[in-house]
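# Observations on the three-dimensional arrangement
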Amino acid sequence: MIRALGRRALSLLLALIAASVVIFVMLQAVPGDPAAFMLGMNASEDAVAALRAELGLEGPLVVRYLAWISGMLGGDFGTSYTYRVPVAELVSERIVVSAPLAVMALVLSTVIAIPVGLIAAARRGGVADWGIMGGTQLGIAVPNFWFAMILVLVFAVKLRWVSAGGFPGWDAGLWPGVRALLLPAIALALPQASILARVLRSALLDTLDQDYIRTARAKGLSRRATVVRHALRNAMIPVLTILGLQFSFLLAGAIIIENVFFLPGLGRLIFQGITQRDLIVVQSVTMLLVFAVILVTFLVDLAYTFADPRLRRR
């Protein structure tokens, strides 16, 4: 098992290196000059050249790539062209919004999906199963920003239970912060819960056709106990994969939701960096999110060994 995990860690490291090269090259190939964009159309060539040197945009591509990577390894993500502050400071300010939002959305999607998937599998072919599958198909088809707008209209505009957007900061207290993130988390969680419920149902149905499940039923174990005590654990491997991918998506892919609710998170930071051509912010934050995705993938691989004891002997 240790050897297999070592090989997996090596492959993930190589993927991280390849991703860093792709991110750097693609952003350097974007048309336009960030220095000229920042100084405006009337800036002189000397002023643009001086700013390019100050921002580290001069020199060979390989040298700039190595300087960027070595800086990130040392905790220096560069300095924002627009805000004139270290990128690490911007990330630390925004991660306290994006990470709790991703965790809340993941918890909500799991809490919704697991009982729904269990009910659908236990009532296969019945009215409950058909209703759940129809509802999850709708949840997958409808974009999460549409859910977000509906939630704002109902709970913020009509009922006035929560604000329509913004974030008061954690200094205002735990409940105000959680309350501000509740609607965005629900909007993110509903499509993910639909996907997770369908995956869990399919995995459970495959597991329920196994011989050991029929043996348990033949010994007198109820269908509910069979599903919960025996089938669920073996069906969790594909579910763990989806959970890992979902957390990565929720952390890195909430750009639209954060803009709908005016949340100062990492997604909105990337969006602002793109619109302002702040390339060092975009490439550094994107690289951090890629690292988070790869780290979560590795942790999911570790979780497999606890969900399936057969993997511990490899």
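Residues numbered from 1 in each chain as written. Predicted model: local features only at pLDDT ≥ 70, side-chain atom pairs only at ≥ 80, totals over all residues. Heavy atoms only, no water.

Looking up the protein in an unreviewed UniProt entry gives the name Glutathione transport system permease protein GsiC, with the organism given as Thalassobacter stenotrophicus. Recorded in UniProt for the protein, the comment headed Subcellular location (unreviewed entry) runs: "Cell membrane". The annotation that UniProt attaches to the protein under Sequence similarities (unreviewed entry) is "Belongs to the binding-protein-dependent transport system permease family." (UniProt positions renumbered as here; feature names shortened; annotations may be inferred.)

## Some points on the layout of surface pockets
Counted as a void, the second largest pocket has a volume near 270 Å³. As for the second largest pocket, its lining consists of Leu13, Leu16, Ile17, Ser20, Tyr65, Ile69, Met72, Leu73, Phe77, Met287, Leu288 and Phe291. Contributions of two or more residues to the lining of the second largest pocket are made by helix H1 (2-28), helix H4 (61-73) and helix H14 (279-307). In terms of residue class, the lining of the second largest pocket is built from eleven nonpolar, one polar and no charged. Counting only domains with at least three residues in the lining of the second largest pocket, you end up with domain 1 (1-74) and domain 2 (89-311). (1 Å grid on protein atoms, 1.4 Å probe; cavity = no way out; pocket = protein on both sides within 12 Å on 5 of 7 lines; lining within 4 Å. Points joined across faces, edges and corners; volume = space filled by probe spheres on them. Helix = DSSP H or I, 4+ residues; strand = E, 2+ residues; numbered from the N terminus. Nonpolar A, V, L, I, M, F, W, Y, C, P; charged D, E, K, R; others polar. Domains from an automatic or database assignment.)

## Thoughts on empty space enclosed by the protein
For the structure shown, the criterion picks out one cavity of 30 Å³ or more. The computed volume of the largest cavity comes to approximately 30 Å³. Taken together, Val162, Ser163, Ala164, Gly165, Arg179, Ala180, Leu183, Pro184 and Phe261 make up the full set of residues lining the largest cavity. Partitioning the lining of the largest cavity into residue classes produces six nonpolar, two polar and one charged.

## As for the packing of helix H5 (residues 87-122) against helix H13 (residues 266-275)
Two elements in contact, H5 and H13, have axes whose closest approach is 8 Å; the angle formed by their N-to-C orientations is 135 degrees. As the angle between them shows, H5 and H13 are arranged oblique. Residues Leu90, Val91, Arg94, Ile95 and Ser98 of H5 lie in contact with H13, whose contacting residues are Leu266, Gly267, Arg268, Leu269 and Gln272. (Axes fitted to C-alpha atoms, helices over the stretch in contact; angles between N-to-C directions. Parallel < 35°, antiparallel > 145°, perpendicular 65-115°, else oblique. Contact = heavy atoms within 4.5 Å.)

## With respect to the nonpolar core
Among the nonpolar cores identified, the biggest contains 76 residues, and Leu204 and Val285 are the most heavily contacted of them. Looking at which domains feed residues into this core, each of domain 1 (1-74) and domain 2 (89-311) supplies at least three. For Val285, the contacting residues outside a window of four places in its chain are Val87, Val91, Leu266, Leu269 and Ile270. (Core = buried A, V, L, I, M, F, W, Y, C linked by side-chain atoms within 4.5 Å. Buried < 20%, exposed > 50% of the residue type's maximum accessible area, 1.4 Å probe, protein only.)

## Remarks on the UniProt feature "transmembrane region" (unreviewed entry) in the protein
As annotated in UniProt, the feature "transmembrane region" (unreviewed entry) corresponds to residues 95-120, 141-161, 239-261 and 281-304 in the numbering used here. In residues 95-120, the share of helix is 100% and the share of strand is 0%. The end C-alpha atoms are 36 Å apart. Strand forms 0% of residues 141-161 and helix 76%; the C-alpha atoms that close the span are 27 Å apart.

## Some remarks on helix H7 (residues 144-158)
With 15 residues, H7 extends 20 Å from end C-alpha to end C-alpha; this agrees with the ideal 21 Å at 1.5 Å per step. Along its length, H7 reaches its greatest deviation from straightness, about 30 degrees, at Val152. Looking only at H7, the buried set comprises Asn144, Phe147, Ala148, Leu151, Val152 and Ala156. With its phi angle positive at about 60 degrees, Arg160 sits one or two positions after the end of H7. (Expected span 1.5 Å × (residues − 1). Bend = angle between axes of the 7 residues up to and from the residue.)

## Some thoughts on H5
The terminal C-alpha atoms of H5 lie 50 Å apart, and with 36 residues this matches the ideal 52 Å at 1.5 Å per residue to within 8%. Along its length, H5 reaches its greatest deviation from straightness, about 40 degrees, at Arg94.

## Notes on the side chain of Ser194
Relative to the helices and strands, Ser194 resides in helix H8 (residues 174-208). Given the relative accessible area of 7%, Ser194 is considered buried. Excluding its chain neighbours within four sequence positions, the residues that come into contact with Ser194 are Gly135, Thr136, Gly139 and Ile140.

## A look at a positive patch on the surface
Together, Arg123, Arg124, Arg217 and Arg223 give the surface a local cluster of positive charge. Relative to the assigned elements, Arg123 resides in the loop between H5 and helix H6 (127-141). (Patch = residues over 30% accessible without salt bridge, like charges linked within 9 Å, V, L, I, M, F, W, Y side chains within 5 Å. Areas by Shrake-Rupley, 256 points an atom, 1.4 Å probe, with all protein chains shown as cover. Salt bridge = Lys/Arg side-chain N within 4 Å of Asp/Glu carboxyl O. Lys, Arg positive; Asp, Glu negative; His and termini not counted. Charge placed at Lys NZ, Arg CZ, Asp CG, Glu CD.)

## Thoughts on unusual backbone geometry
Its identity is not glycine, yet Arg160 carries a phi of approximately 60 degrees, on the positive side. Looking at the secondary structure, you find Arg160 in the loop between H7 and H8. Here Arg160 falls in the exposed class, since its relative accessible area comes to 66%. Positive phi, normally seen in glycine, also occurs at Phe262, with a value near 55 degrees.

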